[in-house]
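Coordinates in review
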Amino acid sequence: FVLALVSNLLRKHPECACLVHRKGGKIDDPYDPDNEEPAKSRAIDSCLWELNALEKHYHPAVASMAKGCGMEDSNTLYHDLDGFLVHTYKSLFDQERKRGDNKRKSK
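Here's a quick rundown of the structure.

Cut-offs used in this document
- Residues numbered from 1 in each chain as written.
- Predicted model: local features only at pLDDT ≥ 70, side-chain atom pairs only at ≥ 80, totals over all residues.
- Heavy atoms only, no water.
- Salt bridge = Lys/Arg side-chain N within 4 Å of Asp/Glu carboxyl O.
- Buried < 20%, exposed > 50% of the residue type's maximum accessible area, 1.4 Å probe, protein only.
- Helix = DSSP H or I, 4+ residues; strand = E, 2+ residues; numbered from the N terminus.
- Arc of directions from axis to C-beta.
- Contact = heavy atoms within 4.5 Å.
- 1 Å grid on protein atoms, 1.4 Å probe; cavity = no way out; pocket = protein on both sides within 12 Å on 5 of 7 lines; lining within 4 Å.
- Points joined across faces, edges and corners; volume = space filled by probe spheres on them.
- Nonpolar A, V, L, I, M, F, W, Y, C, P; charged D, E, K, R; others polar.

**Here we look at the pattern of salt bridges**
All told, the structure shown has four salt bridges when counted by the stated rule. Among the ionic pairs, K40 bridges to E37, the shortest N-O distance being 3.9 Å. For E37, a relative accessible area of 45% gives the class partly exposed. One network of salt bridges, with partners in common, ties together K90, D94 and R97.

Right, here's the structure in full:
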């Protein structure tokens, strides 16, 4: 859900693309969460480093969606967030367990 929301927000607010498209290999986040003045918190100098971590997620769907965040063009449709809200941890777990069971049966 969160990746779909971030993707939609980045398309709706293209001025935030700088949070995704940062140069450099090492991520050194300058954001100061303790500063109460937004202008002095250096949030705009920060990046969405969480996307970088999620690109390496064990689940291929999560990794793929994270890699695509911020890369969409203006013709890409927005994600339907309602489709993501129907899932719970239990439903996702059951779905993965069933997929594993089906793989074992097919061998």
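**Some thoughts on helix α1 (residues 2-12)**
Within α1 the residues assigned to the buried category are L3, A4, S7, N8, L10 and R11. Down the axis of α1, the buried side of the element spans an arc of 165°, and every buried residue falls inside it. Exposed and oriented more than 90 degrees from the buried face of α1 are V2 and K12. Those residues of α1 hidden inside the fold are in contact with α2 (49-54), α3 (60-68) and α4 (81-85).

**Some words on the environment of A43**
Turning to its location among the elements, A43 is positioned in the loop between α1 and α2. For the pair A43 and Y31, spaced twelve residues apart in sequence, the C-alpha to C-alpha distance is 5.1 Å. Setting aside residues no more than four positions away along its own chain, A43 makes contact with L19 and Y31.

**A look at the layout of surface pockets**
Of the pockets and cavities examined, the largest pocket occupies roughly 780 Å³. Lining of the largest pocket is provided by 19 residues; of these, F1, H59, V62, F84 and L92 occupy positions nearest its centre. Among the elements of the structure, α1, α3 and α5 (89-106) are those that each provide at least two residues to the lining of the largest pocket. Considering every element that reaches the lining of the largest pocket, the biggest residue donor is α5, with six residues. Residue composition of the lining of the largest pocket, grouped by class: twelve nonpolar, five polar and two charged.

**A few points about the side chain of S7**
Looking at the element boundaries, S7 is found in helix α1. For S7, a relative accessible area of 0% puts it in the buried group. Contact partners of S7, with chain neighbours within four places excluded, come to C69, E72 and H79.

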